[in-house]
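Inside the fold
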Amino acid sequence: MATTVAGALAGTALVIAPTSAGAAPAVDVLLAEVYGGGGNSGASLTNDFIEVANKGSAAIAVDGWSVQYLPAAPKPTSQWQVTPLTGAVAPGGRYLIGEAKGTGGTLALPAPDATGAINMSGTGGTVALVRGTTALTCLTAADCLADARMVDVVGYGDAVVREGTPATGAANAASVARTAALADTDDNGADFAAGAPTPINARGQGPVDPGPGPDPEPTNARIHDIQGTTRLSPKNGARVTGVPGVVTGIRAFGNSRGFWFQDTLADDDPRTSEGVFVLTGGVTPAVAVGDAVKVTGKVEEFYPGGANIGGQSLTQLTGATWAIEASGQALPAPVPLDAATVPDAYVPSGTPSIEALALEPGKYALDLYESLEGQLTRVADTRVVGPSTSFGELWVTVEPTRNPTAQGGTVYSGYDAQNGGRLKVSSLIPFAQEPFPKADVGDTLTGVTTGPLTYDNFGGYTLAATTLGKVAKGGLTPESTRDQKRTELAVATYNVENLSPKDDQAKFDRLAKGIVTNLATPDVVALEEIQDNTGPTNDGVVAADQTLDKLVAAIKAAGGPTYSWRSIEPVDGKDGGQPGGNIRNAFLFDATRVEFVDRPGGGSTTAVGVRKDWLGRAQLTQSPGRVAPADAAWENSRKPLAAEFRFRGKTVFVVANHFASKGGDQALDSRFQPPTRSSEVQRVAQAKVLRGFVDELLGVDPRANLVVLGDLNDFAFSPTLNTLTAGGALRTMVNTLPANERWGYVFNGNSQMLDHILTSPRVTRFEYDIVHVNAAFADQASDHDPQILRVHPSTGSDFLDCLEQLWEELTDRS
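Reference entry: report on the structure contained in this document. The residue numbering used here restarts from 1 in each chain and proceeds along that chain's sequence as written. Only residues with pLDDT of 70 or above have their local features reported here, since the model is predicted, and side-chain atom pairs are shown and tallied only from 80 upward, although totals for entire chains, interfaces and linings are computed over all residues. Neither water nor hydrogens contribute to the side-chain values; these are computed over all heavy atoms in the structure.

**Here we look at the overall build of the protein**
By the criteria applied, helices consist of DSSP H or I runs no shorter than four residues and strands consist of E runs no shorter than two, each listed in order from the N terminus. The number of helices and strands found in the protein is nine helices and 44 strands. The C-alpha radius of gyration of the protein comes to 31 Å, within 12% of the 28 Å expected for a compact globule of 814 residues. Taken over the C-alpha atoms alone, the protein extends approximately 95 × 70 × 45 Å along its principal axes. The buried share of the protein, taken over its 814 residues, is 56%. When contacts within the protein are restricted to residue pairs at least 6 apart in sequence, those whose partners lie at least 24 apart make up 70%. Positive charges come from Lys and Arg alone, negative charges from Asp and Glu alone, with His and the N- and C-terminal ends not counted. Every charge is mapped to an atom, namely NZ of Lys, CZ of Arg, CG of Asp or CD of Glu. When the 63 basic and 89 acidic side-chain charges of the protein are each reduced to a single mean position, those positions are 5 Å apart. Between the two quantities, the radius of gyration covers C-alpha atoms and the globule rule is 2.2 Å times the number of residues to the power 0.38. Exposure is judged per residue with a 1.4 Å probe applied to protein chains only, and the accessible area is read against the type maximum: over 50% gives exposed, under 20% gives buried, and values in between give partly exposed. When checking whether two residues touch, look at their non-hydrogen atoms; a contact exists if any pair is within 4.5 Å.

Here is the structure:
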């Protein structure tokens, strides 16, 4: 006999909560969302509602309980209004209480699990979850929180009765809701945030849009009919019923819970996937892998992260109900993903959008992945090309011979070299049951990893593993560069990733060890992402002396020199980065080896210039100084910091940079091909401004020793770098390395270059090294690898440079 599962309680243990007045609170059940604007002007929903959640592992009975409401500023005559509850709240589930209906709005609540008639305020009030149905009598926070019947309380707006501070932001179009983690710190202001109301009932159903008329009757369909032969379902927006399949995977966490199921009777069209995802929202579906089900629901195309970012869509079923017809069924064989099955070509191009194109899974890698969306896939003995993260994910390649790096990654060498064998692996296995493995680039995910193929906006196509292989270490260890010679000036660049005194001492110690041991104490270190003394606290502070002094102290404690430092404070809030952090560029330098030429006048809004000294050589008008800080190219971005150094009697100019980020660019796997690189416009503008400064300096003295370095947030083959190097004005050091060594950052499994060192033509005697200590490893002090240039600065004369080189070689031998 088929069993229709409409709720989420089937097969779960039931905990009967005690009802005595002195009973301890059922801490796993708590108020999750409160909305009082239903039916008001500007509201989409017709009704107020209260939502309860169970974050525990057992169902909690709420028979004899109630939710109660009190106005925000109660008078002595105010009374609590009561809505009784019945039934239970499933583990990981929600329980929806519908309240008063207004005269506006168009969206009805999903079928409530309990119904009341409380007319709640849209902007302020108190809601309590109570053991019992007798109205509370307390009118102050202290009295109410002392009542043993109180399970949970939420005060919003200007509510007098509340836990800690009240939740803010409630309005006719906004509820207050706990975060996905359902944190309960006993401070409503910290635990709740305002946002669009999202009522979910015990069945995992959301609001019902009546549309222009009655819904048409659902039609019978199979999964391949739903998926179709393009990226968009031919049944998008339609309701389907009797869709058969076997459950292959369950997502039981977060607000996008649900299950994948797959048809065991495939058609003969390789373009049509046989699997699809059923979304149940915040409720864990009551199904098991191996259940044979028939599903009824609405077909929807969902764009992870929003349609405006340009990613692929996911075809899914929403508002679903299902019948379990059998359990313990065999699963369909997973499709292998390997070098033999994944095409070399990545994606069709030349159209504004590839969504309407018929899939060609035998020709394009992205088409293959799309043709398997929702379907069981597997990889075996795959090399890790992107380290594991705190979010429980890593990247592998199923094409191990395509563009390998010397360290075991996959190098991104051009806009048309996307490396289609990259695949993200996440896990559907609870971490408490099987912790996600810690993996570095070059390790191997051994054995077979199996699961449905899905897509998200944080890495693209993803194998959501139900069976996860084991990590075999590849032996990669952090690198160290050699010491500079007495006659070599060592200049390094290091993005230290939002460093502030609020970071743990361990981060400072890790960075210090990297500078002392792995970089061998460079003479000059250009630092990016130095935050102010209060870090991300947005309090108007811009000084960063405490940040830099703490790093200098850590370097000394690690056995390094006592570095001096120079920087210029930005204007508060004008240089981008983490809000409140006021990131900027800075220089560390070893004054026992190199002299910093201090020249006054530099400031946050003052532009550095170039002038001739009495010998006709170039010098900066201020040192340190900022390059064209008022230019529109630097809006909400870091301004370059120029400085003048003296090393063994020779002047060396160094410009530290941190160009605008790539935020807003479409991903390589975008549905728009080629993807739009919208952020590139600002970086090219920045490169033009910086190039203007370079040309000014070299125009005054073509023999100048100039080093331009930092996080340029772009690739060696990009228009940004081409702007800087056009005509031979600057030379990109990374291009002096073998092709498989040209990387210092790993993103979505691609080893790539964002940080750079460039030099002027007179710098001809050098050695360049990218020191891999972070990007390839799960354990990182920063997400960037540092780089170092050891250089013999030019005298400006070929003859004297030659003599100096001969003398240095003789003295080095002796």
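**Remarks on the state of the cysteines**
Criterion for a disulfide: a pair of cysteine sulfur atoms within 2.5 Å. The final tally for this structure, using the stated rule, is one disulfide. Residue pairing for Cys-138: its cysteine sulfur links by disulfide to Cys-144, the two sulfurs lying 2.1 Å apart. When the S-S torsion is 105°, as for the bridge of Cys-138 with Cys-144, the disulfide is right-handed. On the basis of relative accessibility, which here comes to 8%, the residue Cys-138 falls in the buried class. On the accessibility criterion, Cys-144 (0% relative accessible area) is buried.

**Considerations on the sheet that holds strand 44 (residues 787-791)**
Pairing between strands is defined by DSSP: at least two bridges between them are needed. The strand order 30-31-29-28-44-43 describes an open sheet built from six strands, whose pairing is mixed. Lying at the two open borders of the sheet, with one neighbouring strand each, are strand 30 (564-567) and strand 43 (766-770). Pairs of neighbouring strands in the sheet enclose a mean axial angle of 20°, with direction left out of account. In the sheet, strand 28 (residues 489-499) pairs with strand 29 (residues 524-530) via six bridges, with the strands oriented parallel. Across the sheet, the residue bridging to Ala-492 is Val-525, located in strand 29. As a rule, the C-alpha atoms of each element are fitted with a line to give its axis, helices using only the stretch in contact, and angles between N-to-C directions run from 0 to 180 degrees.

**Details of the pattern of salt bridges**
By convention in these notes, a salt bridge is any Lys or Arg side-chain nitrogen within 4 Å of a carboxyl oxygen on Asp or Glu. Across all of its chains, the model carries 32 salt bridges by this definition. The partner of Glu-488 in a salt bridge is Arg-482, with the nearest N and O atoms 2.8 Å apart. Of the charged contacts in the structure, one is a salt bridge between Asp-714 and Arg-683, with a shortest N-O distance of 2.9 Å. Taken together, the residues Asp-714 in the loop between strand 38 (705-711) and helix 8 (719-725) and Arg-683 in helix 7 (residues 680-700) connect sequence positions 31 residues apart. Note on Arg-683: relative accessible area 0%, which makes it buried. The network of salt bridges with shared partners includes Asp-152, Arg-178, Asp-184 and Asp-191.

**Regarding unusual backbone geometry**
That bond from Ser-623 to Pro-624 is cis: its omega, 5°, falls within 30 degrees of zero. Of note, the bond from Gln-673 into Pro-674 is cis; its omega dihedral lies within 30 degrees of zero at -5°. Within the element layout of this structure, Pro-674 appears in the loop between strand 37 (650-658) and helix 7. In this structure, Asp-381 takes a positive phi of about 50° despite not being glycine. As for its position among the elements, Asp-381 is in strand 22 (residues 376-386). A relative accessible area of 54% places Asp-381 in the exposed class. The phi torsion at Asn-636 lies on the positive side, around 55°, for a residue other than glycine.

**Some remarks on the environment of Gly-237**
By secondary structure assignment, the location of Gly-237 is in the loop between helix 3 (223-227) and strand 16 (239-251). Sequence separation between Gly-237 and Glu-301 is 64 residues; the distance between their C-alpha atoms is 8.2 Å. What Gly-237 contacts, discounting residues up to four positions off in sequence, is Lys-298 and Val-299.

**Remarks on the side chain of Ser-751**
When you line up the elements, Ser-751 lands in strand 41 (residues 750-752). The residues contacting Ser-751, other than those within four sequence positions of it, are Thr-405, Gly-409, Thr-410, Val-411, Tyr-412, Trp-743, Tyr-745 and Val-746.

**Let's talk about helix 5 (residues 505-518)**
For helix 5, built from 14 residues, the straight-helix expectation of 20 Å at 1.5 Å per residue is met to within 8% by its first-to-last C-alpha distance of 19 Å. Of the positions making up helix 5, those classed as buried are Lys-507, Phe-508, Leu-511, Ala-512, Gly-514, Ile-515, Val-516 and Asn-518. Where helix 5 is buried, its residues contact strand 28 and helix 6 (545-557). Directly after helix 5, the chain includes Ala-520, whose backbone phi takes a positive value near 60°. Expected helix span is computed as 1.5 Å times (number of residues minus one).

**Structural notes on the sheet that holds strand 4 (residues 47-54)**
Here six strands make up an open sheet; going across it, the order is 10-9-4-3-13-14 and the pairing mixed. Looking along the sheet, the strands with just one partner apiece sit at the ends: strand 10 (114-115) and strand 14 (192-195). Of the pairings in the sheet, the one linking strand 3 (residues 29-35) to strand 13 (residues 175-178) comprises two bridges and is antiparallel in character. Counterpart to Val-34 in the pairing with strand 13 is Val-176.

**With respect to the side chain of His-772**
Checked against the element boundaries, His-772 lands in the loop between strand 43 and strand 44. Residue His-772 is classed as buried on the basis of its relative accessible area, which comes to 3%. Between N or O atoms, a polar contact is any pair within 3.5 Å; within protein, one atom must be a potential hydrogen donor and the other a potential acceptor, and residues adjacent in sequence are included only when both atoms are from side chains. Engagement of the side chain of His-772 in a polar contact is seen with the side chain of Asp-785, the distance being 2.9 Å. For His-772, the contacting residues outside a window of four places in its chain are Gln-407, Thr-477, Pro-478, Glu-479, Glu-741, Trp-743, Gly-744, Phe-777 and Asp-785.

**Remarks on the environment of Val-82**
Mapped onto the elements, Val-82 comes out in strand 7 (residues 81-84). Looking at Val-82, the relative accessible area reads 29%, which means it is partly exposed. For Val-82, the residues in contact, after removing those within four places along its chain, are Ser-66, Val-67, Gln-68, Ile-118, Thr-133 and Ala-135.

**With respect to helix 6**
Relative to the 18 Å expected for 13 residues at 1.5 Å per residue, helix 6 spans 18 Å between its end C-alpha atoms, a close match to the ideal helical length. The set of residues buried in helix 6 consists of Thr-547, Leu-548, Leu-551, Val-552, Ala-554 and Ile-555. One side of helix 6 holds all its buried residues, which, seen down the axis, span an arc of 160°. The exposed set on the far side of helix 6, more than 90 degrees from its buried face, consists of Lys-556 and Ala-557. Starting at the helix axis, one direction is taken to each C-beta atom, and the arc is that of these directions.

**Considerations on the packing of aromatic side chains**
For any pair of aromatic rings, the description rests on two quantities: the centre-to-centre distance and the angle between the ring planes. Here a Phe, Tyr or Trp ring, Trp counted by its six-membered ring, pairs with any other such ring whose centre lies within 6.5 Å, and the pair is stacked when the planes are under 30 degrees apart, edge-to-face when over 60, and tilted otherwise. In total, this model carries 17 aromatic pairs according to the counting rule given. For the pair Tyr-412 and Phe-715, a centre-to-centre distance of 5.1 Å together with 80° between the ring planes defines the contact as edge-to-face. Note that Tyr-412 is positioned in the loop between strand 23 (393-397) and strand 24 (422-427) and Phe-715 in the loop between strand 38 and helix 8, a separation of 303 residues in sequence. Exposure class is identical for Tyr-412 and Phe-715. Each is buried. Put simply, the rings of Tyr-412, Tyr-415, Phe-715 and Phe-717 pair up and form one aromatic cluster. Here, a charge over a ring means that NZ of Lys or CZ of Arg falls within 6 Å of the ring centre while also lying within 35 degrees of the ring normal. Positioned above the aromatic ring of Phe-596, the side-chain terminus of Arg-566 is 5.1 Å from the ring centre. When the ring centre of Tyr-415 is taken as origin, the NZ or CZ atom of Arg-677, which lies over that ring, is 3.8 Å away.

**Quick look at the packing of helix 5 against helix 6**
For the pair helix 5 and helix 6, interaxial distance at closest approach is 8 Å and the crossing angle is 60°. By the angle between their axes, helix 5 is oblique relative to helix 6. Crossing of helix 5 over helix 6 shows right-handed handedness. For the pair helix 5 and helix 6, contact is made by Gln-505, Phe-508, Asp-509, Leu-511, Ala-512, Ile-515 and Val-516 and by Thr-547, Lys-550, Leu-551, Ala-554 and Ile-555, respectively. The class makeup of the residues in the contact of helix 5 with helix 6 is eight nonpolar, two polar and two charged. Note on angle classes: values under 35 degrees are labelled roughly parallel, values over 145 roughly antiparallel, values of 65 to 115 roughly perpendicular, and the remainder oblique. Left-handed describes a crossing whose near helix is turned anticlockwise from the far helix through less than a right angle; right-handed describes the clockwise counterpart. Charged means Asp, Glu, Lys or Arg here, nonpolar means Ala, Val, Leu, Ile, Met, Phe, Trp, Tyr, Cys or Pro, and polar covers whatever is left, Gly included.

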